[in-house]
Amino acid sequence: QVQLVESGGGLVQAGGSLRLSCAASGGTFSSYPMGWFRQAPGKEREFVASISGSRTRTFHADSVKGRFTISGDNARNTVDLQMYSLKPEDTAVYYCATRLRETSFGRIYGYRRADEYDYWGQGTQVTVSS
């Protein structure tokens, strides 16, 4: 069974930075497409970023493009989300997700839908104060 563990969340001031990490166990982590989603109270879960199973392609939501960067670190067996210039509207629970197989559709469009993922972590809270 694949298990995902997020870390790195916390409370920061607007303009600050955080790095979230997602570690997976129970499978071949380096070949799994990975994604980050976030959900604020009363809002739909929204796509943040994803990385292909091959780790050759990355995708970022327009709302975070230029501020957030997803990357894979095979040495540490993690997928990270580096967040700069945080804004209060970035406040949310951030979830790591994975699916077990690469698909052509996902490699083209970036695994942007929540229903494309098989497993989810429990989330880590990011709070950005103004």
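Note that this is a predicted model, so its numbers are computed, not measured.

**Q** Break down the nonpolar core for me, citing the residues and quoting the values.
**A** One finds Met34, Trp36, Val48, Phe68, Leu81, Met83 and Tyr94 to be the most contacted residues of the largest nonpolar core, which totals 34 residues. Mapped by element, the contributors of at least two residues to this core are strand 3 (18-25), strand 4 (34-39), strand 5 (46-51), strand 7 (68-73), strand 8 (78-83), strand 9 (92-98) and strand 11 (124-129). Apart from residues lying up to four places away in sequence, Tyr94 is in contact with Glu6, Leu20, Trp36, Phe37, Arg38, Val48, Phe68, Leu81, Met83, Gly123, Thr124 and Val126.

**Q** Please give an account of the packing of aromatic side chains that cites residues and values.
**A** As enumerated under the stated definition, the model contains six aromatic pairs in all. The side chain of Arg45 reaches across the aromatic face of Tyr95, ending 4.1 Å from its centre. Here the guanidinium or amino end of Arg45 rests over the ring plane of Trp120, the centre of that ring lying 4.8 Å away.

**Q** Would you mind going over the sheet that holds strand 1 (residues 3-7) in detail, with residue names and values included?
**A** Strand order in the open sheet formed by four strands is 1-3-8-7, and the pairing between neighbours is antiparallel. What marks the edges here is a single partner per strand, and that holds for strand 1 and strand 7. Going from strand to strand, the sheet's axes swing by 20° on average, the running direction of each strand aside.

**Q** Talk me through a nonpolar patch on the surface; I want residue IDs and the actual numbers.
**A** A contiguous nonpolar patch, built from Phe105, Ile108 and Tyr109 and spanning about 330 Å² of accessible area, is present on the exposed surface. Among the secondary structure elements, Phe105 is positioned in helix 1 (residues 104-109).

Reading guide: rules and limits
- Residues numbered from 1 in each chain as written.
- Predicted model: local features only at pLDDT ≥ 70, side-chain atom pairs only at ≥ 80, totals over all residues.
- Heavy atoms only, no water.
- Core = buried A, V, L, I, M, F, W, Y, C linked by side-chain atoms within 4.5 Å.
- Buried < 20%, exposed > 50% of the residue type's maximum accessible area, 1.4 Å probe, protein only.
- Helix = DSSP H or I, 4+ residues; strand = E, 2+ residues; numbered from the N terminus.
- Contact = heavy atoms within 4.5 Å.
- Phe/Tyr/Trp six-rings, centres within 6.5 Å; stacked < 30°, edge-to-face > 60°.
- Lys NZ or Arg CZ within 6 Å of the ring centre and 35° of its normal.
- Pairing = 2+ DSSP bridges.
- Axes fitted to C-alpha atoms, helices over the stretch in contact; angles between N-to-C directions.
- Patch = residues over 30% accessible without salt bridge, like charges linked within 9 Å, V, L, I, M, F, W, Y side chains within 5 Å.
- Areas by Shrake-Rupley, 256 points an atom, 1.4 Å probe, with all protein chains shown as cover.
- Salt bridge = Lys/Arg side-chain N within 4 Å of Asp/Glu carboxyl O.

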